[in-house]
Amino acid sequence: MISIKNIRDNPQLVQDSVVKKGYEGSIVEINSIDKKYRLITKNLEESRAKKNVVSQQVAESKRNGFNADDKIAEMKKLGESIKSLEEELNIIKNHLKIKLYEIPNLPHVSVPDGESEKDNVTIREWGLKPDFDFQVKTHQDLGRELKLIDFERGAKISGSGFPLYTGQGAKLERMLINSMIDHHIDKYDFSEIFPPVLILEESMRTTGQLPKFKEDMYLSELDNLYLAPTAEVPVTNIHRDEIILESDLPINYVAYSPCFRRESGSYGKDTRGLLRLHQFNKVEMVKFVKPEDSYAALEELVLQAESILQLLGLTYRVIELCSGDLSFSAAKCYDIEIWSPGEKQWLEVSSCSNFEDFQSRRGKIRYRSAVDKKVNLLHTLNGSGLATPRLMVALLETYQTKSGSIIFSDSAAEFLGMKEIK
RNA sequence: GGAGAGGUGGCCGAGCGGCUGAAGGCGCUCCCCUGCUAAGGGAGUAAUGGGUUUAUAGCCUAUUCGAGGGUUCGAAUCCCUCUCUCUCCA
């Protein structure tokens, strides 16, 4: 949620800014609802102030044994008008809230303008696309031949988009998750979290999945619980409705969770093999930082995600998303894409975003300043570190040999605790 | 699933219809005292919305004692529903 004050003070600026992110509503309209809201609030408060005064007078009369019938009659009347004002205010307040929750975050000034992914900017590349002196196989071929992934049986159990990892494939998946978590803990200063993955509506609202993206998620209707699309949701909500001491910041969490996505809008796009799934595994980093530190934290976050790819020896590039490609909640975002020799395309394995105070305003995640003891919204960030399916794709395809086996580089082997798959 | 107990400020904890935005304590901040340390004395110390304002300063005002309803002229206090925590039973 963006600040209502911002909407009041710079409606046109906000409008121009959110249009870049595909927002179709009218900020001016929201502004006029807000004006009405404030007017009624003022009326209501004046009535309540009067009520408080008269109520005191009644109490005093009673205490001194005087009759207060006329005052009580006045209170009765006041009470009725307060009630009707409250009802009116409630309707407007809800209306306003719905509108505010639908406004995307504003892009940071440094974000390049653009409409779609074609306007994204490549920041840097690492590694070279590998050459092969034989016919390269795709991860699907390799997965089938080496009995690492059983797509057919996965589909038998849960439908398409739910891969079944078997044997060495299952082990590789597990080692990836494990090693990435350990890496973040050992090398950087992350605390480990193992979150629940069935999520309350409220938590989904904090991070911005709700109300707009309900159809992207799985929902257990009987319980009104959503399946987490990313560990970002439970982990960010750890501190919902809390006031954190400044001395405890920054807080850095790393968490593994399975991720569940309906992918309702992406039929037929990159659906081969592990490229796009309904369930996948991901290690996620989440940071809670002071506002003035958040952009430095974002750069750091990207480097932390990249460090894994360097150890794994996978070719990648870092992309800065343009305003039009930025997600609903993000103010700025870098994607990391790795090279898939089999698919011959770049695959996104990480998305590192600064949400500024967008999520913390929704979830009331605040901190108390050590200097003036004031309470302020903090900034939240998160980044994948990393999502496993496409990592698996690149690992298998990059380290395949002529004989059809997989032999990892020394560095990757050390990271994974596995040297060879055959 | 059944029976109880309970959710109050940063924390602990009192209050059980009007004088309570909330005693007392801890913590924290500032000041005083003590040549360090330990101890002592004093003052201050909620969040959020609205108004005013150059101001996130100050001032005015409203709301908030798990959440939502209700009773009442008036609710932290009484009633109902929900929720969470704890104890006991199945």
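Residues numbered from 1 in each chain as written. Chains lettered and ligands numbered in written order. Predicted model: local features only at pLDDT ≥ 70, side-chain atom pairs only at ≥ 80, totals over all residues. Heavy atoms only, no water.

A few points about the protein's contact with RNA strand B
Our working definition: Neighbouring residues are identified by heavy atoms, a residue being near a molecule or strand if any of them is within 4 Å of it. Any pair of N or O atoms that falls within 3.5 Å is considered a polar contact. Within protein, one atom must be able to donate a hydrogen and the other to accept it, and sequence-neighbouring residues count only if both atoms are side-chain atoms. Starting at the N terminus, helices and strands are each numbered in turn, a helix being any DSSP run of H or I of at least four residues and a strand any DSSP run of E of at least two. Polarity classes work like this: nonpolar for Ala, Val, Leu, Ile, Met, Phe, Trp, Tyr, Cys and Pro, charged for Asp, Glu, Lys and Arg, and polar for all others, with Gly in that last group.
Taken together, 21 residues are adjacent to RNA strand B, and R8, R38, E45, A59 and M75 come closest. Among atoms of RNA strand B positioned within 4 Å of the protein, sugar and phosphate together represent 73%. At a separation of 3.4 Å, a sugar or linking oxygen of RNA strand B approaches a polar side-chain atom of R48. Separating a sugar or linking oxygen of RNA strand B from a side-chain N or O atom of R366 is a distance of 3.4 Å. Breaking the surface near RNA strand B down by element, the ones donating at least two residues are α1 (4–9), α3 (27–63), α4 (69–101) and β14 (365–368). At 11 residues, α3 tops the list of elements feeding residues into the surface near RNA strand B. For the surface near RNA strand B, the per-class residue count stands at 7 nonpolar, 2 polar and 12 charged.

Here we look at the pairing of strand β13 (residues 345–356)
Let me state the cut-off plainly: Burial status follows relative accessibility: with a 1.4 Å probe on protein chains alone, a residue under 20% of its type maximum counts as buried, one over 50% as exposed, and anything between as partly exposed. Any two strands with at least two DSSP bridges between them are considered paired.
A large share of β13 lies buried, amounting to 9 of its 12 residues. The loop that links strand β12 (residues 332–340) with its antiparallel partner β13 comprises 4 residues; one of these, K344, has a positive phi angle of about 55°. As paired strands, β13 and strand β16 (residues 379–387) are joined by 4 bridges and run antiparallel to one another. By the bridge assignment for β16, E356 is matched with T380.

With respect to the domain arrangement of chain A
How we decide: Start and end positions for the domains come from either an automated domain assignment or a database one.
The assigned domain composition of chain A is domain 1 (4–101) and domain 2 (117–421). Computed over C-alpha atoms, the centres of domain 1 and domain 2 are 43 Å apart.

Observations concerning the sheet that holds strand β8 (residues 242–245)
Adjacent strands of a sheet pair through backbone hydrogen bonds, lying either parallel or antiparallel. In plain terms, the rule: Here an axis means a line fitted to C-alpha atoms, over the contact stretch when the element is a helix, while the angle between two N-to-C directions is reported on a 0 to 180 degree scale.
Pairing is mixed in the open sheet, where 3 strands are placed in the order β8-β14-β15. Each edge of the open sheet carries a strand with a single partner, namely β8 and β15 (375–377). Neighbouring strand axes in the sheet, compared pairwise and without regard to direction, differ in orientation by 40° on average. Judged from the 4 bridges that link them, β8 and β14 form a sheet pairing that is parallel. Within the sheet, the bridge partner assigned to I243 lies in β14 and is R366.

Quick notes on unusual backbone geometry
The omega torsion across L249 and P250 is -5°, close enough to zero to call that bond cis. By the secondary structure assignment, P250 is in the loop between β8 and β9 (251–260). Residue G385 is joined to L386 through a cis peptide bond whose omega torsion reads 5°. When you line up the elements, L386 lands in strand β16. With a phi angle near 60°, D241 is a residue other than glycine that sits in the positive phi range. Structurally, D241 can be placed in the loop between α9 (232–236) and β8. Its relative accessible area of 47% is what places D241 among the partly exposed residues. At K344, a position not held by glycine, the phi torsion is positive, near 55°. Inspection of the secondary structure puts K344 in the loop between β12 and β13.

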